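What follows is the residue order along each chain.
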Amino acid sequence: MEADEVLDTSGLVCPMPILKTKQSIKNLEPGTVLKVIATDKGSKGDIPAFVRQSKNELLGMEDDDGKYIFFIKKK
Amino acid sequence: MAEEEEKKKKICIIMTKGTLDAAYPPLILASTAASMDWDASIFFTFYGLDVINKKKYKNLKVAPIANPAMPMPVPNIIGMLPGMTSMATMMMKNMMKKANVPDIEEFIKMCKEMGVKLYGCQMTLDVMGIKEEDLIPTEACIGAAAFLDIASDADVTLLV
């Protein structure tokens, strides 16, 4: 999947992947796709919850051997 | 637009504890809620006020006595020895640092930047002789009724 911006939160634990995602997404234009990479196991549930609550859109999610990759479209 | 007029979700947390381990969860939950565009408030009361007390918040401690949950449990009789509180605190600080978790000072800064509203308990200030200027700037120092008024339409309320 193609992304316009990439945020790598590898090595960070809850809630930092969420807070960093928020910081990145805040500055993006609507419609931009942000790819978030996380190694925090909780992010598997946290990022989809964040996307739902912040009314953005989760385009896809991949589990790549301990690295969780999310594609978020800014609303 | 109708969507923008929709009421934000709201979380109100009451923080009553002044230990390092207890300080993290409210700050984590409030900053995360704010990141999801929720309206987030924390009411600091009793010893919880230490978490926003400029003279104390950088030196919050972990109590080794009556704390069987530490990674290396310490019998109470050892926990009472001088230096054990510092040791338990250092252990926790190192553990958090290793996991790249920001310290309390940074967390409070992030909370403020993200719009989390901090409230001090006026009664605690009076009883403990703490001045409002000793605190990290809050929205206001308020009493029980005023906080309940804020919390009355919250979607999530928590006592820590």
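Residues numbered from 1 in each chain as written. Chains lettered and ligands numbered in written order. Predicted model: local features only at pLDDT ≥ 70, side-chain atom pairs only at ≥ 80, totals over all residues. Heavy atoms only, no water.

**Q** Run through the nonpolar core, naming residues and quoting values.
**A** All names here are of chain B. With 58 residues, the main nonpolar core has Tyr24, Ile42, Val51, Ile104, Phe107 and Ile108 as its most contacted residues. Broken down by element, the residue count for this core peaks at nine residues, all from helix 2 (residues 20-35). Those residues in contact with valine 51, other than ones at most four positions away along the chain, are Met15, Lys17, Gly18, Ala23, Leu27, Phe44, Tyr57, Leu60, Ile104, Ile108 and Ile136. Grouped together as the second largest cluster of nonpolar side chains are eight residues, Phe43, Tyr119, Ile142 and Ala151 included. (Core = buried A, V, L, I, M, F, W, Y, C linked by side-chain atoms within 4.5 Å. Buried < 20%, exposed > 50% of the residue type's maximum accessible area, 1.4 Å probe, protein only. Helix = DSSP H or I, 4+ residues; strand = E, 2+ residues; numbered from the N terminus. Contact = heavy atoms within 4.5 Å.)

**Q** Tell me about the sheet that holds strand 2 (residues 33-38) of chain A, and please be specific about residues and values.
**A** All names here are of chain A. The strand order across the open sheet built from four strands is 1-2-4-3, with neighbouring strands paired in mixed fashion. Looking along the sheet, the strands with just one partner apiece sit at the ends: strand 1 (5-8) and strand 3 (57-64). Direction aside, neighbouring strands of the sheet carry axes that sit 15° apart on average. By the bridge criterion, four bridges tie strand 1 to strand 2 in an arrangement that is parallel. What sits directly across from glutamate 5, in strand 2, is leucine 34. Contacting strand 2, strand 3 and strand 4 (67-73), helix 2 (residues 43-53) runs over the sheet at an angle of about 5° to strand 4. (Pairing = 2+ DSSP bridges. Axes fitted to C-alpha atoms, helices over the stretch in contact; angles between N-to-C directions.)

**Q** Give me the side chain of threonine 32 of chain A: which residues, what numbers.
**A** Residue and element names in this part refer to chain A. Among the secondary structure elements, threonine 32 is positioned in the loop between helix 1 (16-26) and strand 2. At 2.5 Å, the side chain of threonine 32 forms a polar contact with the backbone oxygen of glutamate 29. Discounting residues that sit within four places of it in the chain, threonine 32 has contacts with Asp4, Glu5, Ile72, Lys73 and Lys74. (Polar contact = N/O pair within 3.5 Å; in protein donor to acceptor, adjacent residues only side chain to side chain.)

**Q** Give a description of the environment of proline 75 of chain B that names residues and reports values.
**A** Residue and element names in this part refer to chain B. Residue position: proline 75 is located in the loop between strand 2 (39-44) and helix 3 (76-79). Residue proline 75 is classed as partly exposed on the basis of its relative accessible area, which comes to 47%. Note: C-alpha distance between proline 75 and proline 64 (11 residues apart in sequence) is 8.5 Å.

**Q** Could you give an account of the packing of aromatic side chains, with specific residues and numbers?
**A** Residue and element names in this part refer to chain B. Applying the stated rule across the entire model yields two aromatic pairs over all chains. When the ring of tyrosine 24 is compared with that of phenylalanine 107, the centres are 5.9 Å apart and the planes differ by 85°; the resulting orientation is edge-to-face. Placement of the pair is tyrosine 24 in helix 2 and phenylalanine 107 in helix 5 (residues 104-113), with a sequence separation of 83 residues. Residue classification places phenylalanine 107 among the buried positions, given a relative accessible area of 0%. Summarising the aromatic geometry, the rings of phenylalanine 43 and phenylalanine 147 are spaced 4.5 Å apart at their centres and angled 15° between planes, so their arrangement reads as stacked. Placement of phenylalanine 43 in strand 2 and of phenylalanine 147 in helix 7 (residues 144-151) is noted, with a sequence separation of 104 residues between them. In this pair, the class of phenylalanine 43 matches that of phenylalanine 147, namely buried. (Phe/Tyr/Trp six-rings, centres within 6.5 Å; stacked < 30°, edge-to-face > 60°.)

**Q** Now, about the environment of alanine 23 of chain B: what can you tell me, with residues and values included?
**A** Residue and element names in this part refer to chain B. Relative to the assigned elements, alanine 23 resides in helix 2. By relative accessible area, which is 1% here, alanine 23 ends up buried. Separated by 38 residues in sequence, alanine 23 and lysine 61 have C-alpha atoms that sit 9.8 Å apart. The residues contacting alanine 23, other than those within four sequence positions of it, are Met15, Val51, Leu60 and Ile104.

**Q** Before we move on, can you summarise helix 7 of chain B with the specific residues and values?
**A** Residues and elements named next belong to chain B. All of the buried residues along helix 7 are Phe147, Ile150 and Ala151. Relative to the axis of helix 7, the buried residues are bounded by an arc of 95° and lie together on one face. For helix 7, exposure combined with an orientation more than 90 degrees from the buried face picks out Ala145, Leu148 and Asp149. Residues of helix 7 that are buried in the fold lie against strand 1 (10-15), strand 2, strand 3 (117-121), strand 4 (140-142) and strand 5 (156-159). (Arc of directions from axis to C-beta.)

**Q** Any details on the sheet that holds strand 3 of chain B? Residues and values, ideally.
**A** Residue and element names in this part refer to chain B. The five strands lie next to each other as 4-3-2-1-5, forming an open sheet whose pairing is parallel. At either end of the open sheet lies a strand with only one pairing partner, and these are strand 4 and strand 5. Within the sheet, the average angular offset between the axes of one strand and its neighbour, ignoring direction, is 20°. Judged from the four bridges that link them, strand 1 and strand 5 form a sheet pairing that is parallel. When the sheet's bridge partners are listed, isoleucine 13 is paired in strand 5 with leucine 158. Its contacts with the sheet place helix 2 against strand 1, strand 2 and strand 5, and it is angled at close to 165° to strand 1. In the packing of helix 7 onto the sheet, contacts are made with strand 1, strand 2, strand 3, strand 4 and strand 5, and the angle to strand 1 comes to roughly 150°.

Everything listed here is a matter of geometry and, on its own, says nothing about what the molecule does.
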